[in-house]
Amino acid sequence: MSLLSKTAAELADLLAAGETTSVALTQAYLDRIAEVDTHLHAFLHVDAEGALAQAAASDARRAAGELLSPLDGVPIAVKDVLATSGLPTTCGSKILEGWIPPYDATVVARLKAAGLPILGKTNMDEFAMGSSTEHSAYGPTRNPWDTDRIPGGSGGGSAAAIAASEAPLAIGTDTGGSIRQPGAVTGTVGVKPTYGGISRYGLVAMANSLDQAGPVTRSVLDAALLHEVIGGHDPKDSTSIDQPLPALVAAARQGASGDLTGVRIGVISELRGEGYQPGVEQRFDEAVALLTQAGAEVVEVSCPSFTHALAAYYLIMPSEASSNLARFDAMRYGLRVLPDGVADPSAEEVMRATRDAGFGDEVKRRIILGTYALSSGYYDAYYGQAQKVRTLISRDFEAAFAKADVLVSPTAPTTAFKIGEKLDDPLAMYLNDVATIPANLAGVPGISVPAGLAPEDGLPVGFQVLAPALADDRLYRVGAALEALLEKQWGGSLLSQVPEVTA
Amino acid sequence: MTETLLSFEDALAQFDPAMGLEVHVELNTNTKMFCGCPTEFGAEPNTQVCPTCLGLPGSMPVVNRTAVESAIRIGLALNCQIAEWCRFARKNYFYPDMPKNFQTSQYDEPIAFDGWTEVEVDGETFRIEIERAHMEEDTGKSTHVGTTGRIHGADYSLVDYNRAGIPLIEIVTKPITGTREQAPAVARAYVAALRDILLGLGVSDVRMEQGSLRCDVNLSLAPAGSGTLGTRTETKNVNSLRSVERAARYEISRQAALLAAGSTVTQETRHWHEDTGVTTSGREKSDAEDYRYFPEPDLVPVAPSREWVEELRAALPEPPREKRARLQAEWGYSDLEMRDVVAAGAIPQIEETIAAGTTAQAARKWWMSELARRANEQGVELAELPVTPAQVAAIQALVDAGEINDKLARQVFDGVLAGEGSPEEVVKARGLAVVSDEGALSEAVDRAIAANPDVAEKIRDGKVAAAGALIGAVMKDMRGQADAGRVRELILEKLA
Ligand SMILES: [Zn+2]
């Protein structure tokens, strides 16, 4: 268990010191997955053979002194929404059951090029639509802190895998909070980079203008290390930013000193109060106080348009999703269902039967919403208005960033809720992303850092830091400072308090 | 289901036609609109595909810069404004040959708009206003196997995605009115003019029979002189110049019959049938298909710099109409000769042949007679014959030098077309050179005179016209390899 409680940076040091090998590490994580994942269901596919082969290759490179990156040999789990050549990619949906992509997503290709063995693919809400991972067609993932509770979503699999030490690193994707909210409710670190900072090529799109892949890790430094591996311009993604990443690892190391002198921190007044659990607010306030003690200058900022963010998000996201998901028509790949009682079904009938059987309720709900919002006669009132709100939110961010270097809020309004609790109340579920969505709409980066356990339920609370587009380094500096100050208080990482996983 | 038709003359007496022409042009870029797949025509099905043009989950498009350049050049050649900033949009509809079930196209922000071009019919010039030229991607190609040939009632369907993602430019005219009885001819002349412009730009193969240029004819009728627009139909699949004219003519007669009988025209898509020369009803458009257009979020806006646009404008080729007029004057061809040359698509060949040193008349002679005949026999375009303008010029140079005559030249063409090498090599290998050995020629003339004493007698008596029979005999004796002029001189000398 000692290896498994280490951060990726520590594991990289152990590998460098020759105290362990990539094969030994990878095997340790595979054993851990075998031990606990029947209870947690963080993984949809485990590729033991592939991971061990990549690990052996890493050890050989190390012996030859030809390392590919600082994380060479450290294993990783990948959310099942990224295409992996030769490995199933289902997006948590029945409609893609059995599909094996013929190509790697750029993020995956970069992981391979950096020498990280890929342990497997992690569970998620179907097509990343959800905040609990309960919408996975393959069954929910459980929160290692309390297996009756959700691990957040849509990337609950990646977050739970990190929290339960099934992997030292994971990749998530964040369209409205799917990296940060699971990070918050599992006590892990999750980063949504600047839109365009990480290639989306091979990321099966939910909402192309919002989606962004990013690191899910045990520590802020790990996230920075991983971000530098997967980030940067990709000619295959026209929306990827053609300029070098800021120095993220350096910013994380600087922040870890705990000194934030001269940093201006804006507390967003709209992301407080009603709907926020008292214990969440308490831990948030304590964290802000700590940052003040570290030398930061804290100001209150108002972003009035944020109150419309959720509404705008639930028009833009389903609009794009309804179009993206049209390709699942049983013609070329994935599920094909023949309609019952039809002797000689037409292409349309097969399409209809397949989509009916292959998509879950939440996916169908969003396809219907999006199709409606884009329909002629409604477009201006819905999609058009939502785009205007999006502009207003960007302006709010601009104004706020004129007053503060970073903005902060609780990542999620509550701690992890019970499995099944909000399944029949989509609106209540959607509200869990109220604090994370504005960053996606504006394309700015955000991080969720563990802020402790809520006193009332003993469950993790997340602290969100947002920075201007392209200034991802600020997330790492402030995040690492908060992490260092809190871990000093706690006498170790929050994850060291995760209870042993039992059925 | 035979439609009632009104004669074209009667139709025009009562109604004014208005047309809108939508032309889809496949660009001849090396790679597709949004991926790096090759675009070559005729490859094995589904061999020129990748995750992006197959619409695999996670794949993303990247705009082909050459396609954008071609689109701008087309826009400029059609006197259009070029957008400073424009986006692609998604046109959402389900169809099995659409890999993503949406087409990445341009919607309300075309790259080029508000242009015009002019066409000439029977000496009258018509100005055609261009509404827009926009970029989009082609779909896959479905083949419905079964008796109907349509998706409904097919036993099964095959889809070839090689065509999916080929760059297309759609060029849309504003309503063309006031053309009256010339409407069908104007439609044809416009598509022909467009074809020439595109050919001149070198941006497309513009082969209508291969589908690289496809035309939809929108047509409506309004009471003559009313100045209004009636309900239109959109006739698809019109894939030859002749068909454009015939389809327009047919729709005028068909719609006129409906309206004259007090009925109405249904707004619908119609299919053109090349074989029977009629249009038949396709889908009704009354439910106004809702394509749910929205800006393509996977692509960034296209914002061509003004410097680039001006560079492209400056490098545009001479417009075909002006070029044709200039060449006709330079070459001294009659209107009829020029029309034939244009119809045969022989301008580039003749131009290059002349540039290689041949006279305009000689160049026209070879390309429009000898080579046009051979192309016709083989069912290929002139440009596809395995002979270059430089070779034609070389053959004519051999004729001019007296080394071969026209008859031998035809045999040289045989050799060149058969791949036997350059004209000089063919002459040498086939032993085709005119015999300039005066001794051998003189002996052949003597033999001919001896063999035809009565003819020789007539010539001696001053009936010079009879020399032809002796020339023929000598040419036969020399197996054609003699200069007929010199033979005639020798005969007349010897029989003086
Ligand atoms: Zn392709």
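Our structure's up above, just so we're on the same page.
How each quantity is defined
Residues numbered from 1 in each chain as written. Chains lettered and ligands numbered in written order. Predicted model: local features only at pLDDT ≥ 70, side-chain atom pairs only at ≥ 80, totals over all residues. Heavy atoms only, no water. Donors = N, O, S within 2.8 Å, 3.2 Å for Na, K, Ca; no water. Tetrahedral: all angles 85-135°; square planar, octahedral: opposite > 155°, others 65-115°. Buried < 20%, exposed > 50% of the residue type's maximum accessible area, 1.4 Å probe, protein only. Axes fitted to C-alpha atoms, helices over the stretch in contact; angles between N-to-C directions. Helix = DSSP H or I, 4+ residues; strand = E, 2+ residues; numbered from the N terminus. Parallel < 35°, antiparallel > 145°, perpendicular 65-115°, else oblique. Left-handed = near helix turned anticlockwise from the far one by under 90°. Contact = heavy atoms within 4.5 Å. Phe/Tyr/Trp six-rings, centres within 6.5 Å; stacked < 30°, edge-to-face > 60°. Buried area = accessible area lost by both parts, 1.4 Å probe. Salt bridge = Lys/Arg side-chain N within 4 Å of Asp/Glu carboxyl O. Polar contact = N/O pair within 3.5 Å; in protein donor to acceptor, adjacent residues only side chain to side chain. Nonpolar A, V, L, I, M, F, W, Y, C, P; charged D, E, K, R; others polar. Expected span 1.5 Å × (residues − 1). Core = buried A, V, L, I, M, F, W, Y, C linked by side-chain atoms within 4.5 Å. Pairing = 2+ DSSP bridges.

Chemist: Is there a simple way to think about the coordination of the zinc ion in this case?
Modeler: The textbook angles at a metal center are 109.5 degrees for a tetrahedron of four donors and 90 or 180 degrees for an octahedron of six. Residues and elements named next belong to chain B. The protein atoms donating to the zinc ion are Cys35 (SG), Cys37 (SG), Cys50 (SG) and Cys53 (SG), with metal-donor distances spanning 2.3 to 2.4 Å. Here the zinc ion is ringed by four donor atoms whose angles at the metal span 100 to 116°, and the overall shape comes out tetrahedral. One chain supplies every donor to the zinc ion, and in sequence these donors are spaced C-x1-C-x12-C-x2-C. Classification of Cys50 as buried rests on a relative accessible area of 19%.

Chemist: Can you help me understand the packing of helix α2 (residues 65–77) of chain B against helix α3 (residues 183–201) of chain B in this one?
Modeler: For any two helices packed against each other, the geometry comes down to the angle between their axes and how far apart the axes lie. Residue and element names in this part refer to chain B. Remark: α2 packs on α3, axes separated minimally by 10 Å, with the N-to-C direction vectors making an angle of 130°. Between α2 and α3, the angle falls in the class oblique. Remark: the crossing between α2 and α3 carries right-handed chirality. Along its contact with α2, which presents Arg73, Ile74 and Ala77, the element α3 presents Ile197, Leu198 and Leu201.

Chemist: Looking at this structure, I do not really get the packing of aromatic side chains. What am I missing?
Modeler: To describe a pair of aromatic rings, you give the distance between the ring centres and the angle between the ring planes. Residue and element names in this part refer to chain A. Under the counting rule described, the total for this entry stands at 22 aromatic pairs over all chains. A ring pair is formed by Tyr379 and Tyr383, whose centres lie 5.2 Å apart and whose planes are at 35°; its orientation type is tilted. Given the relative accessible area of 23%, Tyr379 is considered partly exposed. Of the residues examined, Tyr383 reaches a relative accessible area of 3% and is grouped as buried.

Chemist: Explain unusual backbone geometry to me, please; I cannot follow it from the model alone.
Modeler: When glycine is set aside, most residues are seen to have a negative phi, and most peptide bonds are trans. The omega angle of the peptide bond from Gly153 of chain A to Ser154 of chain A is 10°, so this bond is cis rather than trans. Looking at the secondary structure, you find Ser154 of chain A in the loop between β3 (118–122) and α5 (156–163). Unlike most non-glycine residues, Asn46 of chain B shows phi in positive territory, near 60°. Among the secondary structure elements, Asn46 of chain B is positioned in the loop between β1 (15–26) and α2. You will see that Asn101 of chain B, though not glycine, has its phi angle at about 60°, which is positive. Residue placement: Asn101 of chain B occurs in the loop between β3 (89–92) and β4 (102–105). Owing to a relative accessible area of 1%, Asn101 of chain B belongs among the buried residues under this scheme.

Chemist: Looking at this model, I keep getting lost on the packing of helix α10 (residues 309–324) of chain A against helix α13 (residues 380–403) of chain A. Mind explaining?
Modeler: All names here are of chain A. The N-to-C vectors of α10 and α13 enclose an angle of 125°; their axes lie 9 Å apart at closest approach. In terms of their interaxial angle, α10 and α13 are classed as oblique. Between α10 and α13 lies a crossing whose hand is left-handed. Contact with α10, carried on its side by Ala309, Ala312, Leu315, Ile316, Ser319 and Glu320, involves Tyr382, Tyr383, Ala386, Gln387, Val389, Arg390 and Ile393 of α13 and no other residues of that element.

Chemist: Just checking my understanding: could you explain the interface of chain A and chain B for this structure?
Modeler: Note: interface size is frequently given as the accessible area lost on complex formation between the parts. At the interface, 37 residues of chain A touch 30 residues of chain B. Looking only at chain A, the three residues that lose the most surface to chain B are Ser238, Arg327 and Arg332 of chain A, adding up to 22% of its buried area. Between the two partners, chain A and chain B, sit one salt bridge. Among the salt bridges present, the one from Arg200 of chain A reaches Asp298 of chain B, with a minimum N-O distance of 2.9 Å. Where chain A meets chain B, there are 17 residue pairs in polar contact (both at pLDDT 80 or more). If you list the elements that add at least two residues to the side of chain A that touches chain B, you get α10, α11 (347–358) and α12 (361–374) of chain A. Counting residues per element, the side of chain A that touches chain B draws most heavily on α10 of chain A, which supplies four residues. A per-class count over the side of chain A that touches chain B returns 18 nonpolar, eleven polar and eight charged.

Chemist: Explanation requested: the environment of Asp211 of chain A in the structure shown.
Modeler: All names here are of chain A. By the secondary structure assignment, Asp211 is in the loop between β5 (189–192) and β6 (213–217). Sequence spacing of Asp211 and Ile150 is 61 residues, and the spatial spacing of their C-alpha atoms is 22 Å. Those residues in contact with Asp211 that lie beyond four places of it in its chain are Asp174, Thr175, Tyr195, Arg200, Leu203, Ala205 and Met206. Among the polar contacts listed, one links the side chain of Asp211 to the backbone nitrogen of Met206, at a separation of 3.0 Å.

Chemist: Which parts of the structure should I look at to understand helix α11 (residues 406–417) of chain B?
Modeler: Given 3.6 residues per helical turn, the α-helix brings residues three or four places apart onto the same face. In this model, α11 of chain B (twelve residues) spans 16 Å end to end at C-alpha, consistent with the 16 Å of a helix rising 1.5 Å per residue. Among the residues of α11 of chain B, Leu408, Ala409, Val412, Phe413, Gly415, Val416 and Leu417 of chain B are the ones counted as buried.

Chemist: Can you walk me through the nonpolar core in this structure?
Modeler: One recurring pattern in soluble globular proteins: nonpolar side chains tend to sit buried together. Counting 150 residues, the largest nonpolar core has Leu111, Phe127, Ile171 and Phe463 of chain A as its most contacted members. For this core, the element with the highest residue contribution is α10 of chain A, accounting for nine residues. Once you skip the residues sitting within four places of it in the chain, Phe463 of chain A turns out to touch Phe284, Ala287, Val288, Leu291, Val408, Ser409, Thr411, Ile447, Ser448, Val449, Ala451 and Leu482 of chain A. If you look at the next biggest cluster of nonpolar residues, it comprises 72 residues, including Val121, Phe126, Ala133 and Val244 of chain B.

Chemist: Would you mind showing me how to read the pairing of strand β9 (residues 167–173) of chain B here?
Modeler: Look at any regular strand and the pattern is simple: side chains alternate between the two faces of the sheet. Residue and element names in this part refer to chain B. Within β9, seven of the seven residues are buried, leaving the element largely enclosed by the surrounding structure. Neither face of β9 is exposed, since Pro167, Ile169, Ile171 and Thr173 on one face and Leu168, Glu170 and Val172 on the opposite face are all buried. Here β1 runs beside β9; their pairing, made up of five bridges, is antiparallel. For Val25, the partnering residue across the bridge sits in β9 and is Ile169. Bridge count between strand β6 (residues 124–137) and β9: seven bridges; the pairing is antiparallel. Bridge assignment links Ala133 to a residue of β9, and that residue is Ile171.

Chemist: Is there a simple way to think about the sheet that holds strand β11 (residues 460–466) of chain A in this case?
Modeler: Through backbone hydrogen bonds, the strands of a sheet pair up, either in parallel or in antiparallel fashion. Residue and element names in this part refer to chain A. Strand order in the open sheet made by the eleven strands is β1-β3-β2-β4-β6-β5-β10-β11-β9-β7-β8, with mixed pairing throughout. This sheet does not close on itself; its edge strands, each paired only once, are β1 (43–46) and β8 (297–301). The mean inter-strand angle of the sheet, taken between neighbouring strand axes irrespective of direction, is 25°. With four bridges joining them, strand β9 (residues 406–410) and β11 adopt antiparallel strand pairing. When the sheet's bridge partners are listed, Val408 is paired in β11 with Val465. Where helix α7 (residues 220–230) meets the sheet, its contacts fall on β2 (76–79), β4 (169–173), β5, β6 and β10 (446–453), and the angle it forms with β6 comes to roughly 150°. Running at roughly 10° to β10, helix α16 (residues 472–490) makes contact with β5, β6, β7 (264–268), β9, β10 and β11 of the sheet.

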